[in-house]
Amino acid sequence: MIKKTPTIRRYLLQRTLLYSLLGFGVLLLVASQAYQSSVRESGKLVARTVAETTFNSMYLVMSQGWTRTQLEQFVGQLESDDINDTLRVSVLRGPVVMEKFGHIEQPAFDLRMTEALEQGEIIEIANGDHLRTLYPLKAREVCTACHTNASIGDTLGLIEVRQNLKPQLSAANKSLLLYLLALAPLPLFLAYWSVRRITHNVNDSLDQLTSSIQQVESLADLNSIKRRDMQFGFKELNRIFGQVSHLAGKLHSIAVDKDLLEFEIRLLEKCVITSEVVRDWREYVNALILDINQVIPIYTMFSIFKVDEEQFDLEIFWLSPPSEQSRSMMERTIVERLRIQSNLFGIGDFKIRHNVADPQREPLHLSVEEVELQAKSLLVETPKIGGIVGIGVQAETVRDQTKLLVIESILSTLLNVVGSVKAIYKYTRDLEYYATRDPLTNLYNQRMFWELLDYELDRSSRHGYKTALLLIDLDNFKAINDGYGHSCGDRLLTGLANALEQQLETGTVLARYGGDEFVVVLPEASLEAAGALAERLLHATQSYILERDDGSTIRATCSIGVGVFPDHGDNRKDLFMFVDNLMYRAKSQGKDRIALPHDKDLADIFRDMNEKSLLVSKAIEERSILPAFQPICPTGDGIRAVEVLSRIQLPGNQLMSAGEFIEIAETMGKVHLIDYIVTEKAFEKVRQTGYDGLIFINLSPRSVLVADFLKRIHALVEEYRIDPTRIVFEITERDTVKNMSLLEKFVHNLKDQGYQLAIDDFGSGFSSFHYLKYLPIDFVKIEGEFIANMAHDQRDMAFVTSITQLTKELNVKTVAEFVETEEVLQLVREAGIDYAQGYLLGRPGLELEGL
């Protein structure tokens, strides 16, 4: 049950009546006590007066010559008198008188009487409403005439006065009560009148305060309370209103309008960066301006970002169409503000674009004095991008701290959106670049080469024309790398790539296939045209000279193989194998030359290709394919690991590397059989040596498509008693299957059985990040080209750093490939990469012991 709260008037009236009654009772009690005390003091005075009067009367009688008989009659008469039975007087002889004149009939002396006789002092005894006074009769000089046995000052006797004060006290109490009852209405009336006055004033004051508070609908109304000076007639109420005003001031400094709060909530909802926002971000900002103006009047927003070296994008968004003067003034003001705020925008060209949120509004005319810019800056190191966003508002808006906070929130959102759009654009552009281009030479990479070759071969098939393919391989490039260092080798590759590119016409594709190999796709070309181009490319290579820092020079030569579709191969694999064989024929004939397919050579070339196919088939049948192990070393406290590679045993203890036969095996559809053989032999080595580290095994796309592949691999794992968590299957990003749903199913089955998964050559294709998002990846092996060039190319360093940061966020471990120098190994450690692999740490070998 809720207790009803009383009003102030009712509370005061109740308390006044209660306290009046209590006061009346206390006053009656105190007054009664005081009155009774006064009556008792008066009784004492009366008793003394009666006693002295009696003594003096006796003295007077005796002095006039009365006889003793007459005196005794006089005393007896005194004792017999009764004043309403309220006063009795008795004269008692003391021992001195009784000794002289004998005993008479009188009450026996009690202790108090004896005390009074002995001390000669008046004794007053109060007992309730009765008062008893003992007055000693002391002998005077005249008394000794009769009382010869007494001396002056001796006590001759006592006068006892007894009084009954009850009638007097009762009468006094009754009179007092009547007087107080007669006066009681007056204080009650005065109290009631005072309560009415007080409650009237308090209610008026509270009504004023309530009215002021009820008028508060926004933060601006809090300011009106703060500025209002009101007097309520009471210091206490003035103090209360003073505290309310002080509270209003504090609330105004920390509170947020409901509209502002709802707006900020909507603003937060818009912070989600979707593909639509990235695509239509200008429309997003235009809509944002319209939303903001519902709560805060702003007339412009701007963003400026450094998107390239010495290139800046300045976007100015207007609420309504600006006048030409306003446009120029705003551009000038923003640039001046940027120079003050950041040296990032000191040098460079500005690309300015104006956007209008509502073209139908009245044109906007601004002066410099009206402009107040609020800005917020952003600087992102990777990718290198910097920018500032700002808002143009009226000057008085900035003085409102709450609105200033909202503006800060708007700027943060704008910075998030525009900054993210710019960063995503730069990331996307870089990713697209790295997905299609070789980072060292800026030529197309291997992945893009295959896509462009597929495209041209498809066009050739549909339109009936020929397409030429050239494969260029530098001669003795390994000796240059070993003799002069990788840095020098990289400079040579870069210079040769530029020299070769200058020999090509528009539409011709030049790509770096890998290492020291380049490929050229020449659409709509005959063998003669391809041969002429090969001559120019050979001459460009022979003419190129690399000057070293010490003044010495380096020259290079190359071997070129040439083939034409569909004459020498009706699909990309066969054509490439044909050209590859011709290139090796050029090398076998002395290098620094071109190998063109002549009719007399075709049979030999195809026979060579057939022999390689037979060699691969024989190796599979005889299980002469061997596992080679290359160490993968942790850069910190990690588990040791090895990668299993494939080799074919040739006569004379020679080994054929996987690059020489994997494509033939894929063309034959037998690459998964190689995977079985190498995996089983690797497991056997692991069991024999007791190796307890991680085992990285490469999977070909064919293995993913074979239905019972995982079943057979799992049987091998159980047979050799190897923990599945130690096995890491590598899916090469370049060569993975096109059917994403099939790949996802395969990978999830792999993970369900406890195996780990790695993406090899991460970054070589644009799909890398797609795999990282949708597949449960445990390791990312960063494309070796990025790692090898970290020390010399800032873009490669930025890309490696970005991949490392991303994988750490996703709790995925990283492996750096192509670590061939101490400098690169140190950079790998500094970047936070978990593992390193490369010739510096160990070359592939057939033995597992000691790794």
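Residues numbered from 1 in each chain as written. Predicted model: local features only at pLDDT ≥ 70, side-chain atom pairs only at ≥ 80, totals over all residues. Heavy atoms only, no water.

Draft legend 1. Quick peek at the overall build of the chain. For the chain, the count of helices and strands is 29 helices and 25 strands. Residue pairs at least 24 apart in sequence account for 68% of intrachain contacts in the chain once pairs closer than 6 positions are excluded. (Helix = DSSP H or I, 4+ residues; strand = E, 2+ residues; numbered from the N terminus. Contact = heavy atoms within 4.5 Å.)

Draft legend 2. Structural view of helix H17 (residues 486-501). In this model, H17 (16 residues) spans 22 Å end to end at C-alpha, consistent with the 22 Å of a helix rising 1.5 Å per residue. When we look at burial in H17, the residues that qualify are Cys-488, Gly-489, Asp-490, Leu-492, Leu-493, Gly-495, Leu-496, Ala-497, Ala-499 and Leu-500. (Expected span 1.5 Å × (residues − 1). Buried < 20%, exposed > 50% of the residue type's maximum accessible area, 1.4 Å probe, protein only.)

Draft legend 3. Looking closely at the sheet that holds strand S11 (residues 509-514). Taken together, the 5 strands give an open sheet; going across it, the order is S11-S12-S10-S15-S16, and neighbouring strands pair in mixed fashion. Strands at the two margins of the open sheet, each flanked by one partner only, are S11 and strand S16 (594-595). Pairing analysis gives 8 bridges linking strand S10 (residues 467-474) to strand S15 (residues 558-565), with the strands arranged antiparallel. When the bridges of S15 are listed, Leu-474 appears paired with Cys-558. Packing against the sheet, helix H18 (residues 527-543) makes contact with S10, strand S12 (517-522), S15 and S16, and its axis sits at approximately 165° to S15. (Pairing = 2+ DSSP bridges. Axes fitted to C-alpha atoms, helices over the stretch in contact; angles between N-to-C directions.)

Draft legend 4. Representation of the pairing of S10 in the model. Among the 8 residues in S10, 8 count as buried, and that is most of the element. Side-chain alternation along S10 places Thr-467, Leu-469, Leu-471 and Asp-473 on one buried face and Ala-468, Leu-470, Ile-472 and Leu-474 on a second face that is also buried. Looking at chain direction, S10 and S12 are connected through 6 bridges and run antiparallel. Paired with Leu-470 across the bridge in S12 is Val-520.

Draft legend 5. Seen up close, the packing of aromatic side chains. Applying the stated criterion to the full structure yields 11 aromatic pairs. Arranged with centres 5.2 Å apart and planes meeting at 75°, the rings of Phe-696 and Phe-779 form a pair that is edge-to-face. Taken together, the residues Phe-696 in strand S20 (residues 694-699) and Phe-779 in strand S23 (residues 779-782) connect sequence positions 83 residues apart. A residue is classified by how much of its surface remains accessible, and Phe-696, at 0% relative accessible area, is buried. Here the aromatic cluster, defined as three or more aromatic residues joined through ring pairs, consists of Phe-449, Trp-450, Tyr-513 and Phe-576. A cation over an aromatic ring shows up here: Arg-437 above the ring of Tyr-444, its NZ or CZ 4.1 Å from the ring centre. We note Arg-712 situated over the ring of Tyr-676; from NZ or CZ to the ring centre the distance is 3.8 Å. (Phe/Tyr/Trp six-rings, centres within 6.5 Å; stacked < 30°, edge-to-face > 60°. Lys NZ or Arg CZ within 6 Å of the ring centre and 35° of its normal.)

Draft legend 6. Representation of the packing of helix H15 (residues 446-463) against helix H19 (residues 572-588). The contact between H15 and H19 brings their axes to 11 Å, and the two run at 110°. For the element pair H15 / H19, the angle class is roughly perpendicular. In the packing of H15 onto H19, the handedness of the crossing is right-handed. Here Phe-449, Trp-450, Leu-453, Asp-454 and Leu-457 of H15 lie close against H19, whose contacting residues are Arg-572, Leu-575 and Phe-576. Taken together, the residues that form the contact of H15 with H19 break down as 6 nonpolar, no polar and 2 charged. (Parallel < 35°, antiparallel > 145°, perpendicular 65-115°, else oblique. Left-handed = near helix turned anticlockwise from the far one by under 90°. Nonpolar A, V, L, I, M, F, W, Y, C, P; charged D, E, K, R; others polar.)

Draft legend 7. Region of interest: the side chain of Glu-160. Structurally, the position occupied by Glu-160 is in strand S4 (residues 155-164). On the accessibility criterion, Glu-160 (5% relative accessible area) is buried. At 3.0 Å, the side chain of Glu-160 forms a polar contact with the side chain of Arg-162. Contact partners of Glu-160, with chain neighbours within four places excluded, come to Arg-88, Val-89, Ser-90, Met-113, Arg-132, Thr-133 and Leu-134. (Polar contact = N/O pair within 3.5 Å; in protein donor to acceptor, adjacent residues only side chain to side chain.)

Draft legend 8. Quick look at unusual backbone geometry. In this structure, Pro-566 follows Phe-565 across a cis peptide bond, with omega equal to 0°. Note that Pro-566 resides in the loop between S15 and H19. In the Ramachandran plot, Glu-524 falls in the positive-phi region, its phi being about 50° despite a non-glycine side chain. With respect to the helices, strands and loops of the structure, Glu-524 is situated in the loop between S12 and H18.

Draft legend 9. The arrangement of a nonpolar patch on the surface in detail. A grouping of Leu-186, Phe-189, Leu-190 and Trp-193 is seen on the molecular surface, where their side chains present a nonpolar patch of about 460 Å² in accessible area. Residue placement: Leu-186 occurs in helix H6 (residues 185-214). (Patch = residues over 30% accessible without salt bridge, like charges linked within 9 Å, V, L, I, M, F, W, Y side chains within 5 Å. Areas by Shrake-Rupley, 256 points an atom, 1.4 Å probe, with all protein chains shown as cover. Salt bridge = Lys/Arg side-chain N within 4 Å of Asp/Glu carboxyl O.)

Draft legend 10. Representation of the environment of Gln-753 in the model. Inspection of the secondary structure assignment puts Gln-753 in the loop between helix H25 (740-752) and strand S22 (756-762). Leaving out residues up to four positions away in the same chain, Gln-753 has contacts with Leu-710, His-714 and Pro-724. Within polar-contact distance, the side chain of Gln-753 engages the side chain of His-714 at 3.1 Å.

Draft legend 11. Summary view of the environment of Tyr-444. Looking at the secondary structure, you find Tyr-444 in the loop between helix H14 (401-436) and H15. Taking relative accessible area as the criterion, Tyr-444 reaches 25% and is therefore assigned partly exposed. Once the C-alpha coordinates of Tyr-444 and Arg-512 are considered, the two residues, 68 residues apart in sequence, prove to be 6.3 Å apart. Not counting the four nearest positions on each side in its chain, Tyr-444 is found in contact with Thr-436, Arg-437, Asp-438, Leu-452, Val-509, Leu-510, Ala-511 and Arg-512.

Draft legend 12. Here's a closer look at the sheet that holds strand S2 (residues 123-127). Spatial strand order, S1-S4-S3-S2: 4 strands in an open sheet with antiparallel pairing. Looking at which strands have only one partner, the edges of the open sheet turn out to be strand S1 (87-93) and S2. Neighbour-to-neighbour, the strand axes of this sheet turn through a mean angle of 15°, independent of strand direction. Where S2 and strand S3 (residues 130-138) come together, 5 bridges link them in antiparallel fashion.

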